[in-house]
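Fold and geometry: a report
Chain by chain, the residues run as shown.
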Amino acid sequence: MAVRVQREDFDLGKELAGLTRGNTAIGGVTSFVGLVRDLTDDKGLSAMTLEHYPGMTERMLERIDSEAHDRWPLEATLIVHRYGRMEPGEQIVLVIAASAHRQAAFEACHFLIDWLKTQAPFWKVEEARDGTAEWVEARDSDDDAAARWEK
(Lines give C-alpha, C1' and ligand atoms only; values in the text may rest on other atoms or scores of the structure.)
Protein backbone atom coordinates (compact mmCIF):
# COMPACT_ATOMS: atom_id res chain seq x y z
CA MET A 1 0.00 0.00 0.00
CA ALA A 2 1.31 3.38 -0.94
CA VAL A 3 -0.27 6.83 -1.01
CA ARG A 4 1.30 10.09 -2.16
CA VAL A 5 -0.10 13.59 -2.48
CA GLN A 6 2.24 15.77 -4.48
CA ARG A 7 2.47 18.89 -6.61
CA GLU A 8 4.74 17.39 -9.28
CA ASP A 9 3.66 15.16 -12.16
CA PHE A 10 4.18 11.37 -12.16
CA ASP A 11 5.44 8.83 -14.69
CA LEU A 12 3.03 5.93 -15.11
CA GLY A 13 5.70 3.54 -16.38
CA LYS A 14 8.08 4.22 -13.51
CA GLU A 15 5.31 3.99 -10.92
CA LEU A 16 4.07 0.69 -12.35
CA ALA A 17 7.56 -0.80 -12.51
CA GLY A 18 8.32 0.28 -8.95
CA LEU A 19 5.09 -1.17 -7.61
CA THR A 20 5.46 -4.60 -9.23
CA ARG A 21 9.24 -5.08 -9.17
CA GLY A 22 10.18 -8.37 -7.57
CA ASN A 23 6.63 -9.48 -6.75
CA THR A 24 6.02 -12.58 -8.87
CA ALA A 25 2.72 -13.30 -7.09
CA ILE A 26 1.13 -10.50 -9.15
CA GLY A 27 -0.87 -11.86 -12.06
CA GLY A 28 -2.97 -8.82 -12.94
CA VAL A 29 -2.47 -5.07 -12.72
CA THR A 30 -5.01 -2.38 -13.51
CA SER A 31 -4.46 1.35 -13.53
CA PHE A 32 -6.43 4.52 -13.91
CA VAL A 33 -4.96 7.90 -14.85
CA GLY A 34 -7.21 10.93 -14.49
CA LEU A 35 -6.50 13.98 -16.67
CA VAL A 36 -7.61 17.60 -16.53
CA ARG A 37 -10.21 17.90 -19.27
CA ASP A 38 -11.45 21.03 -20.97
CA LEU A 39 -14.96 22.10 -20.11
CA THR A 40 -17.64 21.37 -22.67
CA ASP A 41 -19.41 24.68 -22.16
CA ASP A 42 -18.79 27.94 -24.03
CA LYS A 43 -16.31 29.28 -21.47
CA GLY A 44 -13.64 26.59 -21.87
CA LEU A 45 -11.12 25.71 -19.18
CA SER A 46 -7.76 27.42 -18.83
CA ALA A 47 -6.75 25.71 -15.57
CA MET A 48 -7.93 23.84 -12.52
CA THR A 49 -6.53 24.21 -9.02
CA LEU A 50 -6.82 21.45 -6.42
CA GLU A 51 -6.40 22.35 -2.76
CA HIS A 52 -6.13 20.03 0.23
CA TYR A 53 -5.21 19.88 3.90
CA PRO A 54 -1.82 18.14 4.26
CA GLY A 55 -1.97 15.27 6.70
CA MET A 56 -5.75 14.99 6.66
CA THR A 57 -5.80 14.17 2.94
CA GLU A 58 -3.13 11.49 3.19
CA ARG A 59 -4.90 9.86 6.15
CA MET A 60 -8.16 9.66 4.21
CA LEU A 61 -6.42 8.22 1.13
CA GLU A 62 -4.74 5.63 3.36
CA ARG A 63 -8.15 4.67 4.79
CA ILE A 64 -9.60 4.27 1.31
CA ASP A 65 -6.58 2.19 0.28
CA SER A 66 -6.86 0.05 3.41
CA GLU A 67 -10.54 -0.56 2.67
CA ALA A 68 -9.62 -1.90 -0.78
CA HIS A 69 -7.11 -4.28 0.81
CA ASP A 70 -9.81 -5.46 3.24
CA ARG A 71 -12.23 -6.18 0.39
CA TRP A 72 -9.94 -7.81 -2.19
CA PRO A 73 -6.83 -10.04 -2.11
CA LEU A 74 -4.40 -7.39 -3.33
CA GLU A 75 -0.65 -7.72 -3.63
CA ALA A 76 -0.02 -3.99 -4.01
CA THR A 77 -1.75 -0.66 -4.56
CA LEU A 78 -0.66 2.86 -5.31
CA ILE A 79 -2.55 6.15 -5.17
CA VAL A 80 -0.82 9.30 -6.40
CA HIS A 81 -2.95 12.45 -6.29
CA ARG A 82 -1.67 15.82 -7.39
CA TYR A 83 -2.60 19.23 -6.04
CA GLY A 84 -1.95 22.77 -7.23
CA ARG A 85 -2.67 24.45 -10.55
CA MET A 86 -2.95 22.21 -13.63
CA GLU A 87 -3.94 22.85 -17.23
CA PRO A 88 -6.04 20.71 -19.59
CA GLY A 89 -4.22 17.52 -20.58
CA GLU A 90 -2.17 17.28 -17.39
CA GLN A 91 -2.38 14.21 -15.15
CA ILE A 92 -4.24 14.60 -11.85
CA VAL A 93 -4.49 11.16 -10.29
CA LEU A 94 -3.03 7.68 -10.62
CA VAL A 95 -4.54 4.55 -9.12
CA ILE A 96 -2.91 1.13 -9.53
CA ALA A 97 -4.20 -2.15 -8.11
CA ALA A 98 -2.26 -5.41 -8.40
CA SER A 99 -3.46 -8.87 -7.47
CA ALA A 100 -2.82 -12.50 -8.26
CA HIS A 101 -6.03 -12.42 -10.33
CA ARG A 102 -7.34 -9.82 -12.76
CA GLN A 103 -10.88 -9.61 -11.36
CA ALA A 104 -9.70 -8.39 -7.95
CA ALA A 105 -7.36 -5.88 -9.61
CA PHE A 106 -10.15 -4.51 -11.83
CA GLU A 107 -12.69 -4.24 -9.02
CA ALA A 108 -10.27 -2.70 -6.54
CA CYS A 109 -9.07 -0.10 -9.04
CA HIS A 110 -12.65 0.84 -9.85
CA PHE A 111 -13.53 1.04 -6.15
CA LEU A 112 -10.48 3.19 -5.38
CA ILE A 113 -11.20 5.81 -8.02
CA ASP A 114 -14.92 5.91 -7.21
CA TRP A 115 -14.21 6.45 -3.53
CA LEU A 116 -11.45 8.99 -4.22
CA LYS A 117 -13.93 11.08 -6.19
CA THR A 118 -16.39 11.16 -3.29
CA GLN A 119 -14.39 10.66 -0.09
CA ALA A 120 -11.01 12.34 -0.62
CA PRO A 121 -10.80 15.84 0.86
CA PHE A 122 -9.79 17.90 -2.19
CA TRP A 123 -11.34 21.20 -3.21
CA LYS A 124 -11.39 22.15 -6.88
CA VAL A 125 -11.51 25.57 -8.55
CA GLU A 126 -11.94 25.76 -12.32
CA GLU A 127 -10.65 28.81 -14.16
CA ALA A 128 -12.45 29.60 -17.42
CA ARG A 129 -10.76 31.22 -20.42
CA ASP A 130 -12.89 34.32 -19.85
CA GLY A 131 -11.14 34.87 -16.50
CA THR A 132 -13.94 33.69 -14.23
CA ALA A 133 -13.35 31.01 -11.60
CA GLU A 134 -15.80 28.69 -9.86
CA TRP A 135 -15.58 26.16 -7.06
CA VAL A 136 -16.66 22.76 -8.33
CA GLU A 137 -19.52 21.06 -6.52
CA ALA A 138 -19.78 17.31 -6.04
CA ARG A 139 -21.60 15.54 -8.86
CA ASP A 140 -24.55 13.22 -8.30
CA SER A 141 -23.08 10.82 -10.86
CA ASP A 142 -19.95 10.40 -8.70
CA ASP A 143 -22.09 9.71 -5.62
CA ASP A 144 -24.12 7.17 -7.62
CA ALA A 145 -20.95 5.40 -8.78
CA ALA A 146 -19.58 5.22 -5.22
CA ALA A 147 -22.89 4.04 -3.75
CA ARG A 148 -22.50 0.60 -5.30
CA TRP A 149 -19.47 -0.04 -3.07
CA GLU A 150 -21.25 0.74 0.20
CA LYS A 151 -21.56 -2.26 2.48
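Refer to the structure printed above.
Cut-offs and rules
- Residues numbered from 1 in each chain as written.
- Predicted model: local features only at pLDDT ≥ 70, side-chain atom pairs only at ≥ 80, totals over all residues.
- Heavy atoms only, no water.
- Helix = DSSP H or I, 4+ residues; strand = E, 2+ residues; numbered from the N terminus.
- Rg over C-alpha atoms; globule rule 2.2 N^0.38 Å.
- Buried < 20%, exposed > 50% of the residue type's maximum accessible area, 1.4 Å probe, protein only.
- Areas by Shrake-Rupley, 256 points an atom, 1.4 Å probe, with all protein chains shown as cover.
- Lys, Arg positive; Asp, Glu negative; His and termini not counted.
- Charge placed at Lys NZ, Arg CZ, Asp CG, Glu CD.
- Axes fitted to C-alpha atoms, helices over the stretch in contact; angles between N-to-C directions.
- Parallel < 35°, antiparallel > 145°, perpendicular 65-115°, else oblique.
- Left-handed = near helix turned anticlockwise from the far one by under 90°.
- Contact = heavy atoms within 4.5 Å.
- Nonpolar A, V, L, I, M, F, W, Y, C, P; charged D, E, K, R; others polar.
- Pairing = 2+ DSSP bridges.
- Core = buried A, V, L, I, M, F, W, Y, C linked by side-chain atoms within 4.5 Å.

Some points on the overall build of the protein chain
Looking only at helices and strands, the protein chain features four helices and eight strands. Along the protein chain, helices (α) and strands (β) appear in the sequence β-α-β-β-α-β-β-β-α-β-β-α when read from the amino end. For 151 residues, the compact-globule estimate of 2.2 N^0.38 gives 15 Å, and the C-alpha radius of gyration of the protein chain, at 16 Å, lies within 12% of that figure. Taking all 151 residues of the protein chain together, the buried fraction comes to 42%. Working note: accessible area of the protein chain is about 8500 Å², and carbon and sulfur atoms make up 48% of it. Measuring between centres, the 18 positive side-chain charges of the protein chain sit 4 Å from its 28 negative side-chain charges.

Regarding the packing of helix α2 (residues 56-71) against helix α3 (residues 102-119)
As a packed pair, α2 and α3 sit with axes 10 Å apart at the nearest point and diverge in direction by 150°. Accordingly, the angle class assigned to the pair α2 and α3 is roughly antiparallel. As α2 runs across α3, the sense of the crossing is right-handed. Contacts from M60, L61, I64, D65, E67, A68 and R71 in α2 reach F111, L112, W115, L116 and Q119 in α3. For the contact of α2 with α3, the residue count by class is eight nonpolar, one polar and three charged.

A closer look at the pairing of strand β3 (residues 45-52)
For β3, the tally of buried residues reaches six of eight residues, placing the bulk of the element in the interior. Summarising the sheet, β3 and strand β7 (residues 122-128) pair through seven bridges and their orientation is antiparallel. Within the sheet, the bridge partner assigned to A47 lies in β7 and is E127. The pairing of β3 with strand β5 (residues 84-86) spans three bridges and is antiparallel. Bridged to M48 within β5 is M86.

Details of the sheet that holds strand β1 (residues 2-6)
Spatially, β1-β4-β6-β2 is the arrangement adopted by the four strands of the open sheet, whose pairing is mixed. Where the open sheet ends on each side, the last strands, each with one partner, are β1 and β2 (28-35). Across the sheet, the mean angle from the axis of one strand to that of its neighbour is 5°, orientation sign disregarded. Looking at chain direction, strand β4 (residues 74-82) and strand β6 (residues 91-99) are connected through seven bridges and run antiparallel. Bridging from a neighbouring strand, T77 pairs with A97 of β6. Of the strands in this sheet, β1, β2, β4 and β6 touch helix α1 (residues 12-20), which is tilted by about 25° from β6.

Side note on the nonpolar core
If you look at the biggest cluster of nonpolar residues, it comprises 28 residues, and the most contacted ones within it are L61, W72, I92, V95, F111, L112 and L116. Mapped onto this core, the elements with two or more residues apiece are β1, β3, α2, β4, β6 and α3. The dominant element in this core, judged by the number of residues it contributes, is α3, at eight residues. Apart from the residues lying within four places of it in its own chain, the contact partners of L116 are L61, I64, I79, V93 and V95. Residues F10, I26, V80 and A98 belong to the second largest nonpolar core, which totals nine residues.

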